[in-house]
Amino acid sequence: GLASPSLARLRRWYELVMENKEELARIITAENGKPLKEAQGEIVYSASFLEWFAEEARRIYGDVIPASAKDRRVLVLKQPVGVAAIITPWNFPSAMITRKVGAALAAGCTVVVKPAEDTPLSALALGELANQAGIPAGVYNVVPCSRQQTAAVGEVLCTDPLVSKISFTGSTATGKILLKHAAGTVKRVSMELGGHAPFIVFDSANVDRAVAGALASKYRNSGQTCVCTNRFLVQKGIHDEFVEKFAKAIEKELHVGNGFDAKTTQGPLINEKAVEKVEKHIKDAVSQGASVVTGGKRHSLGKNFFEPTLLTNVTTKMLCTQEETFGPLAPVIRFETEAEAVAIANAANVGLAGYFYSQDPAQIWRVAEQLEVGMVGVNEGIISSVECPFGGVKESGLGREGSKYGIDEYLEIKYVCLGGL
């Protein structure tokens, strides 16, 4: 493993990211389109993983186990798993790297990072700062590649016997391909895949707070995050009030535009394909009886800009309630009972984040325990934070990132038996 000087380097890397926050944020906005304020928030979040894991590295505790035989002593050591291949997405071009790399380096692993082809510059900028922090050459490696080469490079990283560990954040479909590749050499695997987050508003909810949480959870990064709400389930007693207030908030508080413009809250989508998917979901819903309350089409700015959209009269037969949209579309399903809402929420084959608003303590416990997701926000729409374990269940992935659990993904447990004592 890396000895303590490396903790100082990891700490120094954190400090350099913070010192260069403005420049790094501008790189994110330039390559990804998100508003500059969100990009600055991402850099602080990104840096926090380097700080967290520099501190967690001191706590890779082993164990001493009482032996059943008098002449034996039993130890448990934790050792780095080896070379880790890190494959990251374009929606958080910096934080998705540090959340993995911070843990890997703290555990004593070296890494090969393959950033998303849409956003390689953030990964390279982190590399420049790693150099300045004194992290030795060959510890943090970046392999940018074109869209054409992505599948081939991914395959090499997942099949090469020198690689011991894969950590991937991206779509469920790609994750399954990488898992198949990794099976050949039985690699350790962490997968943070797609979500389909439900956001349930019960009759007892504080509606104004629910609307504020809905706005943050749905429209951050223009709806392009894996923990974004993908379907709103609103109980019949407050349905109309919620929809009316949500529509007003969308129209008043969201501003589509260039990410470098200070008043922008909604940048462009990542590419044309993303826009087409949102259009397809809206068209499908409307053809089956959904109503567009606000938005519904490409924005007058053209290209990849899309209007923040709210749909009502949505049913579970519609595409937007069956697959992740990854765009600024909020479909609202009206429901009658708690049991019905939980059943709809749990019908998905993925389970990353789930949110609900309620002021009934018994209901809060019931629903929090019943939702089949890895992370639950109760009366809260934004829940990611470095201290908390991030990850999903079902087809949303394997393993957890961040938190005191995150470093375990990069460690092997070795049992040592000392005999003949």
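In this text the structure is predicted, and so the values were computed from the model without any measurement.

What counts, and at which threshold
Residues numbered from 1 in each chain as written. Predicted model: local features only at pLDDT ≥ 70, side-chain atom pairs only at ≥ 80, totals over all residues. Heavy atoms only, no water. Helix = DSSP H or I, 4+ residues; strand = E, 2+ residues; numbered from the N terminus. Rg over C-alpha atoms; globule rule 2.2 N^0.38 Å. Buried < 20%, exposed > 50% of the residue type's maximum accessible area, 1.4 Å probe, protein only. Contact = heavy atoms within 4.5 Å. Areas by Shrake-Rupley, 256 points an atom, 1.4 Å probe, with all protein chains shown as cover. Lys, Arg positive; Asp, Glu negative; His and termini not counted. Charge placed at Lys NZ, Arg CZ, Asp CG, Glu CD. 1 Å grid on protein atoms, 1.4 Å probe; cavity = no way out; pocket = protein on both sides within 12 Å on 5 of 7 lines; lining within 4 Å. Points joined across faces, edges and corners; volume = space filled by probe spheres on them. Nonpolar A, V, L, I, M, F, W, Y, C, P; charged D, E, K, R; others polar. UniProt positions renumbered as here; feature names shortened; annotations may be inferred. Pairing = 2+ DSSP bridges. Axes fitted to C-alpha atoms, helices over the stretch in contact; angles between N-to-C directions. Parallel < 35°, antiparallel > 145°, perpendicular 65-115°, else oblique. Left-handed = near helix turned anticlockwise from the far one by under 90°.

**Here's the deal with the overall build of the protein**
The secondary structure content of the protein amounts to 12 helices and 18 strands. Here the C-alpha atoms of the protein give a radius of gyration of 23 Å, agreeing with the 22 Å that 2.2 N^0.38 yields for 421 residues. Projected onto the principal axes, the alpha-carbon positions of the protein cover approximately 75 × 50 × 40 Å. Buried residues in the protein amount to 52% of all 421 residues. Long-range pairs, those at least 24 residues apart, make up 72% of the contacts in the protein between residues at least 6 apart in sequence. Accessible surface, the protein as shown: approximately 18,200 Å² in total, 55% of it carbon and sulfur. Of the charged side chains in the protein, 45 are positive and 46 negative, and the gap between their average positions amounts to 3 Å.

**A word on empty space enclosed by the protein**
Applying the stated criterion across every chain yields a total of five cavities of 30 Å³ or more. If you add up the space inside the largest cavity, you get close to 90 Å³. Considering the residues around the largest cavity, the lining is formed by Tyr45, Phe92, Met96, Arg99, Arg220, Thr225, Cys226, Val227, Ser384 and Phe390. Here the residues of the lining of the largest cavity sort into six nonpolar, two polar and two charged. Looking at the second largest cavity, its volume works out to about 50 Å³.

**Concerning the UniProt feature "domain: Aldehyde dehydrogenase" (unreviewed entry) in the protein**
Within this structure's numbering, the places UniProt gives as "domain: Aldehyde dehydrogenase" (unreviewed entry) are residues 9–416. Here residues 9–416 is 39% helix and 20% strand, with 31 Å between the C-alpha atoms at its ends.

**Notes on the sheet that holds strand β4 (residues 111–114)**
Taken together, the six strands give an open sheet; going across it, the order is β5-β4-β3-β6-β7-β17, and neighbouring strands pair in mixed fashion. One side of each edge strand has no neighbouring strand; the edge strands of this open sheet are β5 (140–142) and β17 (397–398). Bridge analysis of β4 against β5 gives three bridges, and the strand direction is parallel. What sits directly across from valine 112, in β5, is asparagine 141. Seen against the sheet, helix α6 (residues 147–159) touches β3 (83–87), β4 and β6 (163–169) and runs at an angle of roughly 160 degrees to β4.

**Side note on the packing of helix α11 (residues 338–346) against helix α12 (residues 361–370)**
Direction vectors running N to C along α11 and α12 enclose 20 degrees, while the axes themselves pass 11 Å from each other. One finds that α11 runs roughly parallel with respect to α12. Our pair here, α11 against α12, has a crossing hand that is right-handed. Together, Glu338, Val342 and Asn346 of α11 and Gln363, Arg366, Val367 and Gln370 of α12 make up the contact between the two elements.

**Brief notes about the sheet that holds strand β10 (residues 291–294)**
Whether parallel or antiparallel, the strands of a sheet pair through hydrogen bonds between backbone atoms. Across the sheet, which stays open at both edges, the seven strands sit in the order β10-β11-β12-β9-β8-β14-β15 with mixed pairing between neighbours. The open sheet is flanked by β10 and β15 (375–378), the only strands paired with a single partner. Strand after strand, the sheet turns through a mean of 25 degrees between neighbouring axes, direction not considered. As paired elements, strand β9 (residues 229–235) and strand β12 (residues 329–335) share four bridges and run parallel to each other. Within β12, the position partnered with phenylalanine 232 by the bridge is valine 332. Relative to β12, helix α10 (residues 272–287) is tilted by about 30 degrees, and along the sheet it contacts β10, β11 (309–312) and β12.

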